[in-house]
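Per-entry structural report
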Amino acid sequence: AISRLNLKNLKFAEIAARQPYPTAPAVFAGFIKLLKLNFIPRSGIPKFWLLHFEFWIYYRMATRHLVRSIVLQSLFEWDFYQKKSDFLKIIERNLQEFGPGIDEPEFVYKLSQGIIENINNLDEIIKKAAPEWPLEQISIIDRNVLRIGLYELLFANPNEVPPKVAINEAIELA
């Protein structure tokens, strides 16, 4: 697809490729520009635009996966010390150490705060689902993966985190 570009369009492609990840308005503006230039072949959208958009989606998913793993590490530490330490300090330390420059730090706080606020409900659901495994007998890591997955399935906004994504992320974390 890039071979069909004239010099003006090639400059746009180079600028788009240099960005670390496109913002939604930049992607939309680029798409409109390509439409105006009648560049889109009959087979569909140009390959470089698709790759750029897929990278943006992948980057956002990878960031959220990193956020979930930071929350998991923090929950593990907090649970290991019998929930006596300050959870917010643990989150902040782990966020600085493992996720400097994360573009969605509010997702970390939203997820961790939601889990802590609903921890009793989440633990009751786990106890009902696994009556032969007392909660204290489930390993700390498994217990907290279950908490994250259940929170995202039951209490989080399904438009922000669809159920398929919540299940897949819990499996990936486990």
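Preceding block: the structure.
Owing to the predicted nature of the structure, the values given are computational and were not obtained by experimental measurement.

**Description of the nonpolar core**
Counting residues in each nonpolar core, the largest one holds 29 residues, and the members touching the most others are Val71, Leu75, Ile115 and Ile148. Looking at this core, the element that brings in the most residues is helix 3 (residues 47–80), giving six residues. Beyond its immediate chain neighbours, meaning those up to four positions away, Val71 contacts Ile91, Val108, Leu111, Ser112, Ile115 and Ile148.

**Let's talk about the side chain of Asp123**
When you line up the elements, Asp123 lands in helix 6 (residues 119–129). When its relative accessible area of 7% is taken as the criterion, Asp123 is described as buried. If near-sequence neighbours (up to four positions away) are discounted, Asp123 is found in contact with Lys83, Leu135 and Arg147.

**Focus on helix 8 (residues 163–173)**
The complete set of buried residues in helix 8 reads Ala166, Glu169, Ala170 and Leu173. Seen end-on, helix 8 carries its buried residues on one side only, within an arc spanning 100 degrees. Counted as exposed and oriented over 90 degrees from the buried face of helix 8: Lys164, Ile171 and Glu172.

**What to know about the packing of helix 6 against helix 7 (residues 140–154)**
Geometry of a packed helix pair, given as the angle between the helix axes and the separation of the axes. Remark: helix 6 packs on helix 7, axes separated minimally by 10 Å, with the N-to-C direction vectors making an angle of 105 degrees. Overall, the two elements helix 6 and helix 7 adopt an arrangement that is roughly perpendicular. Two secondary-structure elements touch here, helix 6 through Ile119, Leu122, Asp123, Ile125 and Ile126 and helix 7 through Arg143, Leu146, Arg147, Leu150, Tyr151 and Leu154. The residue inventory of the contact of helix 6 with helix 7, partitioned by class, reads eight nonpolar, no polar and three charged.

**Notes on the packing of helix 5 (residues 105–117) against helix 7**
Viewed as axis vectors pointing N to C, helix 5 and helix 7 meet at an angle of 100 degrees, and their least axial separation amounts to 10 Å. The pairing of helix 5 with helix 7 is recorded here as roughly perpendicular in orientation. The residues of helix 7 that touch helix 5, namely those facing Phe107, Lys110, Leu111, Gly114 and Ile115, are Arg147, Ile148, Tyr151 and Glu152. Across the contact of helix 5 with helix 7, the residue classes break down as five nonpolar, one polar and three charged.

**Comments concerning unusual backbone geometry**
Positive phi is not limited to glycine here, since Gln82 has a value of about 55 degrees. Within the secondary structure, Gln82 is located in the loop between helix 3 and helix 4 (87–98). A residue is classified by how much of its surface remains accessible, and Gln82, at 55% relative accessible area, is exposed.

**Regarding a nonpolar patch on the surface**
Taken together, the side chains of Ile125, Leu153, Leu154, Phe155, Ile167 and Ile171 define a hydrophobic patch exposed on the protein surface, amounting to about 510 Å² of accessible area. Mapped by element, the contributors of at least two residues to the nonpolar patch are helix 7 and helix 8. Among the structural elements, Ile167 can be located in helix 8. Ile167 gets classed as partly exposed once you look at its relative accessible area, which sits at 44%.

Definitions and limits used
Here the residue numbering is sequential within each chain, running from 1 through the sequence in written order. In keeping with the predicted nature of the model, local features appear solely for residues at pLDDT of at least 70, side-chain atom pairs appear and are counted solely at 80 or more, and the whole-chain, interface and lining totals rest on all residues. Computation of side-chain values: all heavy atoms of the structure, hydrogens and water removed. What is meant by a nonpolar core is a set of buried Ala, Val, Leu, Ile, Met, Phe, Trp, Tyr and Cys residues, joined one to another through side-chain atoms within 4.5 Å. Three exposure classes are used, based on accessible area relative to the maximum for each residue type with a 1.4 Å probe and protein chains only: buried under 20%, partly exposed in between, and exposed over 50%. The numbering of helices and of strands both runs from the N terminus, where a helix is a DSSP run of H or I of at least 4 residues and a strand a run of E of at least 2. Whether two residues are in contact is decided by their heavy atoms: any pair within 4.5 Å suffices. Working note: the arc is built from the helix axis to C-beta atom directions. Only C-alpha atoms enter the line fits that serve as axes; for helices the fit covers just the stretch in contact. Angles between N-to-C directions range over 0 to 180 degrees. In what follows, roughly perpendicular refers to angles from 65 to 115 degrees, roughly parallel to angles under 35, roughly antiparallel to angles over 145, and oblique to any angle outside these ranges. Note that Gly is not counted as nonpolar here; it falls among the polar residues with everything else outside the nonpolar set of Ala, Val, Leu, Ile, Met, Phe, Trp, Tyr, Cys and Pro and the charged set of Asp, Glu, Lys and Arg. Only residues whose relative accessible area exceeds 30% and that form no salt bridge enter a patch; like-charged residues are grouped when within 9 Å of one another, and nonpolar side chains (Val, Leu, Ile, Met, Phe, Trp, Tyr) when within 5 Å. Each accessible area is a Shrake-Rupley estimate made with a 1.4 Å probe; only the visible protein chains count as cover when residues are assessed. Only one rule defines a salt bridge in this text: a Lys or Arg side-chain nitrogen within 4 Å of an Asp or Glu carboxyl oxygen.

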